[in-house]
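Residues per chain are reported as follows:
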Amino acid sequence: MFIAFYKIDLARGHCGLVVWWVIMSATKNLSILPEQFDDFIYNEPIKTRRNKISKYSLKFKRRTKMEKIITDLNLPDIQKLKQLCKSISALELIMEQEWEIRYYSYNPSWDVDEEVFEMKNGCGEEMLILFSKHGAVISGVNNECFDWENDSPKVENLAKGLPKQFDDFIYNEPIKTRKSTFCIWRTIADSEWQTGETIVPDGSEDILYLLDGNPEKYVEFCEDYYEKEIPLDIVERIYQAEPISLEMIYKLNDEIEDEDIEIIKNELEEIKYPNTL
């Protein structure tokens, strides 16, 4: 089994490899970690983020060789994808009150008539999905698939054929700095998702994993990332955009305190997700 310990390089927005430790065993803990790495692994920020980020990311790197290209992925249409992104974001703000630790979030005020769904795992995988009156465009990056030495792939190649109305989003910050390994778009007039040039691997299968609308995948995600078992039926109801009630919140996260409810209510209203709180 392979375990990778990473140090976050905030300046470049990706992970620098500190040590690649090969363990020829089935252990799932750090009990045999050499003592010289203790200060790094057992203190902040890894103390908080170790289980949340590393375990989940590594699991899904083992799950796939990332050889599936984006055109094979089963993305829903624009409106269904937008609702799904809001549903996932609603679940996230219930599961984790600290915004910086959330895997997924939704910004309903990215710009005039523009909303953005964001995924970040803090360890080299990021995604932004822009929703506008023109349609939707997805930019994602897996730093293991990006050639930093040669600055490749070029976003202009990934976005070849991209409608001009999406240019400001794709060619400016934060994507300009974060880079991309895949780009997908769909206008309101399109019958399917489009791509420019693609690379293999591009990291898209892992990054877009939850976006096929299968609620069982979010339950699995929570078990790995938040280390919580949550009821599938509640997730299914939220995936169907059912208003979130107080009872649903407590069934999803029994660590929620009374003072958290008002914060959750405000955040749900901010992303325009219905609730009865």
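Residues numbered from 1 in each chain as written. Predicted model: local features only at pLDDT ≥ 70, side-chain atom pairs only at ≥ 80, totals over all residues. Heavy atoms only, no water.

### Remarks on the packing of aromatic side chains
Where two aromatic rings form a pair, the distance of their centres and the angle of their planes describe that pair. Under the definition given, this model contains 11 aromatic pairs. One aromatic cluster is present, built from ring pairs that chain together Y103, Y104, F117, Y218, F221, Y225 and Y226. Between K120 and the ring centre of W99, over which it is positioned, the NZ or CZ distance is 4.0 Å. In this structure, K217 packs its charged tip against the face of Y209, placed 4.4 Å from the ring centre. (Phe/Tyr/Trp six-rings, centres within 6.5 Å; stacked < 30°, edge-to-face > 60°. Lys NZ or Arg CZ within 6 Å of the ring centre and 35° of its normal.)

### Regarding the confidence of the model for the protein
A residue-level look at the protein finds 74% of positions with pLDDT of 70 or above and a mean pLDDT of 80. Between the elements of the protein, mean pLDDT differs from a low of 36, seen in strand β2 (residues 14–22), to a high of 98, seen in helix α9 (residues 232–239). Ignoring residues within four places in sequence, the model shows residues 1–32, a span with pLDDT below 50, making 63 contacts including any to other chains. Note that residues 50–71 has pLDDT below 50 and, in this model, 65 contacts with residues that lie over four places away or in other chains. (pLDDT = per-residue confidence, 0-100. Helix = DSSP H or I, 4+ residues; strand = E, 2+ residues; numbered from the N terminus. Contact = heavy atoms within 4.5 Å.)

### Topic: the pairing of strand β7 (residues 182–187)
One face of the sheet, then the other: side chains in a regular strand alternate in exactly this way. Burial analysis of β7 places six of its six residues in the buried class, the great majority of the element. Neither face of β7 is open: one carries F182, I184 and R186, the other C183, W185 and T187, and all of them are buried. In terms of strand pairing, strand β6 (residues 135–142) meets β7 through six bridges, oriented antiparallel. Bridge pairing in β7 places G140 opposite F182. Sheet analysis places β7 next to strand β8 (residues 194–195), joined by two bridges and oriented antiparallel. Paired with W185 across the two strands is Q194, which belongs to β8. Here β7 folds back onto β8, and the loop between the two strands holds six residues. (Buried < 20%, exposed > 50% of the residue type's maximum accessible area, 1.4 Å probe, protein only. Pairing = 2+ DSSP bridges.)

### Concerning the sheet that holds β6
Read from one edge of the open sheet, six strands run β3-β4-β5-β6-β7-β8, paired in antiparallel fashion. Two strands close off the open sheet at either side, each with one partner strand: β3 (104–111) and β8.

### Examining the nonpolar core
Buried together is how nonpolar side chains tend to be arranged in soluble globular proteins. Core analysis: the biggest nonpolar cluster contains 51 residues, and F117, I138, L211 and Y218 have the highest contact counts within it. By residue number, the principal contributor to this core is helix α3 (residues 78–95), which donates 10 residues. If near-sequence neighbours (up to four positions away) are discounted, F117 is found in contact with C85, I88, S89, Y104, S105, Y106, M127, L128, I129, F131 and L211. Of all hydrophobic cores here, the second largest spans 14 residues; its members include L162, F166, F169 and I170. (Core = buried A, V, L, I, M, F, W, Y, C linked by side-chain atoms within 4.5 Å.)

### As for the packing of α3 against helix α11 (residues 258–270)
In the contact formed by α3 and α11, the axes pass within 10 Å of each other and the chain directions differ by 165°. Taken together, the axes of α3 and α11 lie roughly antiparallel to each other. The crossing of α3 and α11 is right-handed. On the side of α3, the interface is formed by A90, L93 and I94, while α11 contributes I264, E267 and L268. The residue inventory of the contact of α3 with α11, partitioned by class, reads five nonpolar, no polar and one charged. (Axes fitted to C-alpha atoms, helices over the stretch in contact; angles between N-to-C directions. Parallel < 35°, antiparallel > 145°, perpendicular 65-115°, else oblique. Left-handed = near helix turned anticlockwise from the far one by under 90°. Nonpolar A, V, L, I, M, F, W, Y, C, P; charged D, E, K, R; others polar.)

### So, helix α8 (residues 215–225)
An α-helical segment advances 3.6 residues per turn. Residues three or four places apart therefore align on the same side. Burial analysis of α8 places eight of its 11 residues in the buried class, the great majority of the element. Of the residues that open α8, the one with a side-chain oxygen 3.0 Å from the backbone nitrogen of E216 is N214. Where α8 ends, the next residue or the one after it, E227, has phi of about 55°, a positive value. (Polar contact = N/O pair within 3.5 Å; in protein donor to acceptor, adjacent residues only side chain to side chain.)

### Some remarks on the pattern of salt bridges
Using the criterion set out here, one finds 13 salt bridges in the structure. The partner of E115 in a salt bridge is K86, with the nearest N and O atoms 4.0 Å apart. With E115 in strand β4 (residues 114–120) and K86 in helix α3, this residue pair connects regions lying 29 residues apart in the sequence. A single burial state applies to E115 and to K86, both of which are buried. (Salt bridge = Lys/Arg side-chain N within 4 Å of Asp/Glu carboxyl O.)

### As for the side chain of E125
Positionally, E125 belongs in strand β5 (residues 125–132). With a relative accessible area of 4%, E125 lands in the buried category. Within polar-contact distance, the side chain of E125 engages the side chain of N121 at 3.0 Å.

### Structural notes on the packing of α3 against α8
For the pair α3 and α8, the least separation of the axes is 12 Å and the interaxial angle reads 25°. Between α3 and α8, the angle is such that the two are roughly parallel. Considering how the two elements wind past one another, α3 and α8 form a crossing that is right-handed. Of α8, the residues touching α3 (which contributes I88, L91, E92 and M95) are Y218, F221 and C222.

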